[in-house]
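Here is how the chains run, residue by residue.
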Amino acid sequence: MIELLLQGVLLGGLYTLFALGLSLMFGVMRLTNTAHGDFIILAAFGALSLAAMGLNPWLANVAVLPVAWVLGYCVQRYVLNQTLGKDPVPSLVVTFGLSIVIQNALLETFSADPRSIESGGLNTLSWALTDSLSVGVLPILILMIALLATLGLQWVFEKTRLGRAFRAVSDDPEISELMGLDSKNIYALATAMAFVLIAVAGVLQGLRTTVAPADGPMLLLFAFEAVIMGGMGSFWGTLAGGMLLGVTQQLGFRVDPGWGVWAGHCVFLSLLLVRPQGLFPKTR
Amino acid sequence: MFLAGSNIVLHTRDLKAFYGDAQALFGIDFEIGKGQAIAIIGANGAGKSTFLKALAGLVKVQTAAVNWKGQDIGGKLPSEIVRLGLALVPEGRRLFPSLSVQENLMMGSESQRKGPWNLERLFKLFPILQEKRYQPSTSLSGGQQQMVAIGRALMSNPELLLCDELSLGLAPLVIREIYNALPEITAEGMGVVLVEQDVSLAQQMTQRLYCLQEGRVSLQGVSSLLSREQISQAYFGQ
Amino acid sequence: MNHILENQFTVKRGHAYTRFLLGLAVVVVIGAATLPLWAESSWMHEFVEIACYFIFALMWNLLAGYGGMVSIGQQAFFGLGAYTMLILGNFWGINPFVAIAIGGVVAGLVSIPVSRIAFRLQGGYFAIGTWVIAEVFRLSFANFSMVGGGAGTTLTALRGIDKASRESWTYWIALLCVVSSIAIVFVFLRSKRGLALLAIRDNPIAAESQGIAVGSMKLAVYVVSAFGAGLAGALYFVGNLRISPDAAFSVNWTAFAIFMVVIGGMGRIEGPLIGSLVFWLLSKFFSDFGAWYLMGLGALAIFTTTYFKQGLWGYAQQRWGWSLFPTQRRVVFLAGPKA
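Here the structure is a predicted model, which is why all the values come from computation and not from measurement.

Parameters and conventions
Residues numbered from 1 in each chain as written. Chains lettered and ligands numbered in written order. Predicted model: local features only at pLDDT ≥ 70, side-chain atom pairs only at ≥ 80, totals over all residues. Helix = DSSP H or I, 4+ residues; strand = E, 2+ residues; numbered from the N terminus. Expected span 1.5 Å × (residues − 1). Buried ≥ 20, exposed ≤ 12 C-beta atoms within 10 Å, placed from the backbone. Contact = placed C-beta atoms within 7 Å. Nonpolar A, V, L, I, M, F, W, Y, C, P; charged D, E, K, R; others polar. Pairing = 2+ DSSP bridges. Axes fitted to C-alpha atoms, helices over the stretch in contact; angles between N-to-C directions. Parallel < 35°, antiparallel > 145°, perpendicular 65-115°, else oblique. Left-handed = near helix turned anticlockwise from the far one by under 90°.

Enquirer: Honestly, helix α7 (residues 163-190) of chain C in this entry has me stumped. Any pointers?
Expert: Residues and elements named next belong to chain C. In this model α7 runs 40 Å from its N-terminal to its C-terminal C-alpha over 28 residues, within 8% of the 40 Å that 1.5 Å per residue would give. Residues of α7 that are buried include every one of Thr170, Tyr171, Ile173, Ala174, Cys177, Val178, Ser181, Ile182 and Val185, and no others. Packing partners of the buried residues in α7 comprise α2 (35-38), α3 (41-66), α5 (96-118) and α10 (214-240).

Enquirer: What exactly am I supposed to notice about the interface of chain A and chain B here?
Expert: Interface size is commonly expressed as the accessible area that is lost once the parts come together. Each side of the interface is counted separately: chain A has 15 residues, and chain B has 21 residues. Counting only elements with at least two residues in the side of chain A that touches chain B, the list comes to α6 (161-171) and α7 (173-178) of chain A. For the side of chain A that touches chain B, the residue count by class is 5 nonpolar, 2 polar and 8 charged.

Enquirer: Sorry, what's going on with the sheet that holds strand β2 (residues 22-33) of chain B here?
Expert: Within a sheet, each strand pairs with its neighbour through backbone hydrogen bonds, oriented either parallel or antiparallel. Residue and element names in this part refer to chain B. A sheet is described by the order of its strands in space; here 4 strands give the open sequence β2-β1-β4-β5, paired in antiparallel fashion. Both outer strands of the open sheet, β2 and β5 (71-72), are each paired with one neighbouring strand and no more. Sheet strands touched by helix α1 (residues 48-56): β1 (8-19), β2 and β4 (66-68). Its angle to β2, the strand with the most contacts, is close to 70 degrees.

Enquirer: I'm lost on the arrangement of the chains in this one. Help?
Expert: Interchain contacts are distributed over 2 pairs of chains, and the most extensive set of them lies between chains A and C. Looking at chain B next to chain C, you find no contact at all, with the nearest C-alpha pair sitting 15 Å apart.

Enquirer: Whenever I open this one, helix α2 (residues 36-52) of chain A confuses me. Can you help?
Expert: Helical geometry: 3.6 residues make up each α-helical turn, so side chains three or four residues apart lie on a common side. Under the 1.5 Å per step criterion, the end-to-end length of α2 of chain A is 24 Å for 17 residues, consistent within 8% with the ideal 24 Å. Backbone geometry just downstream of α2 of chain A places Gly54 of chain A in the positive-phi region, at approximately 115 degrees.

Enquirer: Would you mind showing me how to read the interface of chain A and chain C here?
Expert: Listed by partner, the interface residues are 33 residues for chain A and 33 residues for chain C. Counting only elements with at least two residues in the side of chain A that touches chain C, the list comes to α4 (89-110), α9 (216-230) and α11 (260-274) of chain A. Among the residues forming the side of chain A that touches chain C, the class breakdown is 24 nonpolar, 7 polar and 2 charged.

Enquirer: Please clarify how the packing of helix α12 (residues 252-264) of chain C against helix α14 (residues 291-307) of chain C should be interpreted in this entry.
Expert: The relative placement of two packed helices comes down to the angle between their axes together with the axis-to-axis distance. All names here are of chain C. Between α12 and α14, the shortest axis-to-axis distance is 10 Å and the interhelical angle comes to 40 degrees. Relative to α14, the element α12 lies oblique. Two packed elements cross with a definite hand, and for α12 against α14 that hand is left-handed. The segment α12 lies against α14, with Ile258, Phe259, Val262 and Ile263 engaging Leu297, Ala301, Thr304 and Thr305. By residue class, the composition of the contact of α12 with α14 is 6 nonpolar, 2 polar and no charged.

Below, the structure is given as structure tokens:
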């Protein structure tokens, strides 16, 4: 049982990383990026491509991060900024279109075969905690990164000038303009940050397991469930939501491999029914 | 008219403003000199807030309709206009609920204009804000929130302060406290445009007064010289 | 002061030429009904497929454009209608053509409890939440061995009929479904309820203050949309005979509906019609290009949404005042105002 919970928490670490970017974009801009999962997969394939072009695999993994920053900034500034407004439809349709384009572009370039990022054995290393209990080193690493990322985001939002701008723009974009903020730029910076998180998640997913062009939507749903279950407006909530999802799925997998993901969905829907505001919503 | 031409810092010429297809302002001519205090009065829906919003850039107008220190600024972004030295204290305060009092004030300095106003000076002007500086802005009373809104605008060190209904929803004592701070605010030559519901207050605090009625200027003159009847007629129209 | 109200006025819908178009439509439908007598069987099969895409898009358009609810999960009801029809046909011996209607009804009924959960979310989150629900349906049926689990199964109930008759009947049922779907949506939108729906879409709070029951209206639209999706799903697999959870509950259905409606324009009846025609033409010529074709569709949808927010048809409507299915009301004064 303890082992189950532990595996669940470790999985939750990865799901938190999936979810933080989504949480950030929705928090600042009320934008739902339907292509979120596809960008995660794109990042993984990006790292694979860089490695295939001759770059040292570990360097490739890190190199995707600045690329992601630039990509995120441009996508928001030149495509998604046009879709912002009271109507959620344009952003949904445009990101949905992006999702289709990314999936099929990856399919054309790489074929549908699942691939993984070369980890040099890291993904098999394990650490014996007790006589009967051992955990993978990579999952622990992922959990550490997830905690760091959550801490980092929280810190940026609460203690930095940019974070203050994020919160202001999220509260009242019109008055933020009155203060002298260029909201177009602020939105783009938020997405740039989100894309870096997405890239981190993508690389770790590729290291931990395989990635295939069609995997995106499933990752989007996991990220989404973590955000909603955790409660909107709070990064620690997203962490909690990720943990809950991870544990639930592990329990489901243990019962039957076919029911793991299903169990996660059902717990999500049930929580939505009884506590729609999530576990730790930020009260205003 | 009562000023030498070179003293005018802001003037509007035939300013028209629309909300979608509905026209709210039908050609406003307005001017203010350096360091002056001017009031704008009028019934609800007369277009007073719309006028201030147009000056601040929140409502789009033609380029030549607004002229600030010799430059046509109509249609510029609000973020550009605040950098030029006009700051708006919006109707209803519009503080940022997710930010603390101090953070709200700091937002005002995002335009990075140099000047005498900073946190320290604001806290001297409104001491209660220093006491509550780390609290969420939503936990303050109406009057205190109004102080934050004014302070936030002052942090951008404007040359012209636009105040939209400072007294809205506040008790008379609190209104007095806020308006008592006005002389110190304008002591260094800052101009102020006051949109006010309270006509006598408007007359007391300013040198000149404009009255708007259904999107048009129905009366203007020296505040202390306008009679009750003149104002009444202009306010309600025929 | 206000002399206008002293005059008579009436509320008109439609123009003279739309009555002409209605007559034309009747002729077209009657002509189409004779298709099995003279056309190749592949034409009929194509029509059935396009009919399913169209009905699904029409219902998605009703939900999103008029109900204001963008859902990425309507495939839940599409698949549910399909599997209902399959179970009734294969295991209960009910005529599959009749089971199509039942499939729609079941989907409509199931949407009621589903809405209790789905309506907890709004906007973009509602969209993805409905997707999660669709996935639950998909995974549930994939674990349901009686209907073949993940691999799916075949519709055996039509084995007794010869191919030609089956195809003709499927075609006629499809035609019937198309005409009735359009009729249902058209009549609904022209009614007072339709007007209420537009009010809700534009401003829910104002609508509520006018006495419109926003909650039950939204539920009504959700149920009708689910019914239509279920109908389309059941029809599709009567035409296809082979069903699987991945095919029945695929998000591609919603993707294509979004595409059709975005091209054709949302919130208008003729939108899905134009959109599905464009989609059919595009797939005729370009679907051989596989992934490139889909990329092109995606890019087209992005481009159209960014620059033609009302869709191509919506653009035409705004620019030239075209309207095939007039639901707008115009006030026409019968006499000039008094001096």
